[in-house]
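# Survey of secondary and tertiary structure
Residue strings, one per chain:
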Amino acid sequence: MRTTIGIAALVLAGGLGAAAAQDGAMSFFITSQNPGQGANFGGLEGADAHCAGLAEAAGVTGQTWAAYLSTSAVDARDRIGSGPWVNAEGVVIAENVEGLHSDSNNLTKETALDETGAMVNGRGDDPNRHDILTGTMADGTKAEDTCGDWTLGGAEGAAMVGHHDRMGLDESPPSKSWNSSHSSRGGCSLEALRGTGGEGLLYCFAVN
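A brief structural summary. (Residues numbered from 1 in each chain as written. Predicted model: local features only at pLDDT ≥ 70, side-chain atom pairs only at ≥ 80, totals over all residues. Heavy atoms only, no water.)

### Examining the packing of aromatic side chains
This is how the line gets drawn: Note on aromatic pairs: the rings of Phe, Tyr and Trp (six-membered ring only in Trp) are paired at centre separations within 6.5 Å, and the planes decide the class, stacked below 30 degrees, edge-to-face beyond 60, tilted for the rest. Secondary structure elements are defined from DSSP: runs of H or I of at least 4 residues count as helices, runs of E of at least 2 residues count as strands, and each element is numbered from the N terminus. Only protein chains enter the accessibility calculation, which uses a 1.4 Å probe. A residue is then buried if its area is under 20% of the maximum for its type, exposed if over 50%, and partly exposed in between.
Tallied over the entire structure, the rule returns eight aromatic pairs. Aromatic side chains F29 and W65 sit 4.9 Å apart centroid to centroid with 65 degrees between the ring planes, which places their arrangement in the edge-to-face category. On the criterion of sequence distance, the pair formed by F29 in strand 1 (residues 28-30) and W65 in strand 2 (residues 65-67) is long-range, its members being 36 residues apart. We classify F29 as buried; its relative accessible area is 0%. With a centroid separation of 4.9 Å and an interplanar angle of 45 degrees, the aromatic rings of Y68 and W178 are classed as tilted. Taken as a pair, Y68 in the loop between strand 2 and strand 3 (85-86) and W178 in the loop between strand 6 (160-163) and strand 7 (182-183) lie far apart in primary sequence, 110 residues in all. W178 carries the same exposure label as Y68, and that label is buried. Among the aromatic side chains, those forming a connected cluster through ring pairs are F28, Y68, W85, W178, Y203 and F205.

### A short note on the nonpolar core
Applicable threshold: We define the nonpolar core as a collection of buried residues of types Ala, Val, Leu, Ile, Met, Phe, Trp, Tyr and Cys that are connected through side-chain atoms lying within 4.5 Å of one another. Throughout, a residue-residue contact means that at least one pair of heavy atoms, one from each residue, lies within 4.5 Å.
Core analysis: the biggest nonpolar cluster contains 23 residues, and F29, A39, W65, L69, L133, W150 and L202 have the highest contact counts within it. Of all the secondary structure elements, the ones that give two or more residues to this core are helix 2 (43-57), strand 2, helix 4 (147-150) and strand 8 (198-206). When residues in this core are grouped by element, the largest group, five residues, is from helix 2. Beyond its immediate chain neighbours, meaning those up to four positions away, W65 contacts M26, S27, F28, F29, D48, C51, A52, A55, V60, C204, F205 and A206. Residues F28, V120, I132 and L201 belong to the second largest nonpolar core, which totals 18 residues.

### Some thoughts on unusual backbone geometry
Here G83 and P84 are connected by a cis peptide whose omega angle stands at 0 degrees. Its location among the elements puts P84 in the loop between strand 2 and strand 3. Within the chain, D149 stands out as a residue other than glycine whose phi angle is a positive 55 degrees. Relative to the helices and strands, D149 resides in helix 4. Located in the positive-phi region is R166, a residue other than glycine, with phi close to 60 degrees. With respect to the helices and strands, the residue R166 is situated in the loop between strand 6 and strand 7.

This is the structure we're talking about:
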């Protein structure tokens, strides 16, 4: 009897989880475009507004959005709510903050979609756009390179980026890291970010 009840509970929990993932409320995406100023978003407020604007344009309303960015005073992992997060197709990316920053997350090229549900170009595509701005270490805490806390968009500064496709020049952990692969080179301009395989894109998470 106890075993039967246990199995029923698991089935019910699984059904509820699936329903939550497929309720149409996208809560994670990669931005499809950069506003045009490279890594200068006007700070975190501007980056969050960019996420919100793209989400609303895609028809997702009623959410509060945060860009997955660290600054000299804030860790990205503390900005994004508690999860779970699903992409535009209702696929779960991670159940919680700990899962997101572990090997159990489901963030890959196939699941890290933009706000329209489109796949973002990765290594081997033309152009490669897999460098996603984060400014973080692998555990989601602040790194040194944040392009002046996301206020620089010229030849100065650098930004830590991750590879959304989990691919790089080799098989090392940084090359496969979604949030902490390497720093940009040549500054914080859009041209500089493109030079290492990026487009000044962001990870966006719904915090509510």
